[in-house]
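Here's the letter readout for the chains.
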Amino acid sequence: MEEITKLKEFLNGKLRNVWITTKRLSVYVRKGHHYINGKMNDTLDIANISVNKKYMGKGIGMKFVNEAHEIHQYSLTYIENVLNPSFDEKLRKGGWTIITGNIEPFCYFKSKI
């Protein structure tokens, strides 16, 4: 997956944020910090994900999210402001935790531990 190769380059580099763009999707990611579950956590933030119409409905977005979660070195993956109801449902079914006290659009996280 070309997107994962680009994500690995970003994770090993000095940049704090980057747009990863391929023919299948565009993703804005950031090396972040969030106060979750009573402590400050280093996170990989997925702040925007947009799948090319030709590839919609094929699980490309969720595949990226799940693979990104597996390969990064931080304690949590944080997904910002989920606007797509289908993606929202997939995150919930996939074991992602909604940030409590949040209003819509919802944010999610998943721990690496």
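The rules behind these values
- All residue numbers here refer to positions counted from 1 along the written sequence of the relevant chain.
- Local features in a predicted model are, by the rule used here, given only for residues with pLDDT of at least 70; side-chain atom pairs are given and counted only at 80 or more, and totals for whole chains, interfaces and linings are based on all residues.
- To get the side-chain values, take all heavy atoms of the structure and skip hydrogens and water.
- Angles shown run from 0 to 180 degrees and are taken between the N-to-C directions of axes, each axis being a line fitted to C-alpha atoms and, for helices, limited to the stretch in contact.
- Secondary structure elements follow DSSP: runs of H or I of four or more residues count as helices, runs of E of two or more count as strands, with numbering from the N terminus.
- With respect to orientation, any angle under 35 degrees is reported as roughly parallel, any angle over 145 as roughly antiparallel, any angle of 65 to 115 as roughly perpendicular, and every other angle as oblique.
- Should the near helix be turned counterclockwise from the far one by less than a right angle, the crossing is left-handed, whereas a clockwise turn marks it as right-handed.
- What makes two residues a contact is simply this: any of their non-hydrogen atoms within 4.5 Å.
- Only Asp, Glu, Lys and Arg are considered charged in this grouping, and only Ala, Val, Leu, Ile, Met, Phe, Trp, Tyr, Cys and Pro are considered nonpolar; every other residue, Gly among them, is considered polar.
- Strands qualify as paired when DSSP identifies two bridges or more between them.
- Put simply, buried Ala, Val, Leu, Ile, Met, Phe, Trp, Tyr and Cys residues joined by side-chain atoms within 4.5 Å make one nonpolar core.
- Only protein chains enter the accessibility calculation, which uses a 1.4 Å probe. A residue is then buried if its area is under 20% of the maximum for its type, exposed if over 50%, and partly exposed in between.
- One speaks of a salt bridge when a side-chain nitrogen belonging to Lys or Arg is within 4 Å of a carboxyl oxygen belonging to Asp or Glu.
- By convention, orient the strands away from the viewer: a clockwise path from the first strand over the helix to the second makes the crossover right-handed.

S.K.: Any chance you could explain the packing of helix α2 (residues 60-71) against helix α3 (residues 85-93) here in plain terms?
M.R.: The packing of two helices is summarised by the inter-axis angle and the distance between the axes. Where α2 meets α3, the axes come as close as 11 Å, and the angle between the chain directions of the two elements is 40°. Judged by the inter-axis angle, α2 sits oblique to α3. Crossing angle aside, the handedness with which α2 passes α3 is right-handed. Contacts from Gly61, Met62 and Val65 in α2 reach Phe87, Lys90 and Leu91 in α3. A breakdown of the residues in the contact of α2 with α3 according to their chemical character gives four nonpolar, one polar and one charged.

S.K.: Would you explain the sheet that holds strand β5 (residues 97-98) in this entry?
M.R.: Across a sheet, strands are paired by hydrogen bonds formed along the backbone, either parallel or antiparallel in direction. Reading across from one edge, β1-β2-β3-β4-β6-β5 is the order of the six strands in this open sheet, with mixed pairing throughout. Bordering the open sheet on either side are β1 (17-21) and β5, each of which pairs with just one other strand. With two bridges joining them, β5 and strand β6 (residues 106-111) adopt antiparallel strand pairing. From the neighbouring strand, isoleucine 98 faces β6, where its bridge partner is tyrosine 108.

S.K.: I tried to follow the nonpolar core on my own but got confused; where do I start?
M.R.: Grouped burial of nonpolar side chains is what soluble globular proteins tend to show. Counting residues in each nonpolar core, the largest one holds 25 residues, and the members touching the most others are Leu7, Val29, Leu44, Ile46, Phe64, Ile79 and Leu91. Put simply, the parts of the chain that give this core at least two residues each are α1 (2-11), β2 (25-36), β3 (39-51), α2, β4 (76-82), α3 and β6. Here the element with the most residues in this core is α2; it accounts for five residues. Once residues lying within four places of it in the same chain are set aside, the contact partners of leucine 44 are Leu7, Phe10, Leu11, Val29, Arg30, Ala68, His72, Tyr74, Leu76, Thr77 and Tyr78. Ile36, Leu76, Tyr78 and Phe109 belong to the second largest nonpolar core, which has six residues in total.

S.K.: Can you help me understand the pattern of salt bridges in this one?
M.R.: Two side chains carrying opposite charge are able to pair once their charged atoms lie near each other. Per the stated rule, a full pass over the model turns up seven salt bridges. Of the charged contacts, one joins glutamate 2 and lysine 6 as a salt bridge, the two residues approaching to 3.8 Å between their closest N and O atoms. Here glutamate 2 and its partner lysine 6 are both found in helix α1, four residues apart, which amounts to about one turn of the helix. For arginine 92, the salt bridge goes to aspartate 88, with nearest N and O atoms at 2.8 Å. Of the two residues, arginine 92 and aspartate 88 are both situated in helix α3; the distance of four residues between them amounts to about one turn of the helix. One salt-bridge network, in which partners are shared between bridges, spans Arg30, Asp45 and Glu80.

S.K.: I keep staring at the pairing of β3 and nothing clicks. Help me out?
M.R.: When a strand is regular, its side chains alternate between the sheet's two faces. Inspection of the sheet shows β2 paired to β3 by 12 bridges, in the antiparallel sense. Counterpart to isoleucine 36 in the pairing with β3 is lysine 39. Between β2 and β3, which pair antiparallel in sequence order, lie two residues; one of them, asparagine 37, sits at a positive phi of approximately 55°. Read as a crossover between parallel neighbours, the route from β3 over α2 to β4 is right-handed.

S.K.: What is the right way to look at the pairing of β6 in this model?
M.R.: Sheet topology note: the β4/β6 ladder contains five bridges and is antiparallel. What sits directly across from valine 82, in β6, is phenylalanine 106.

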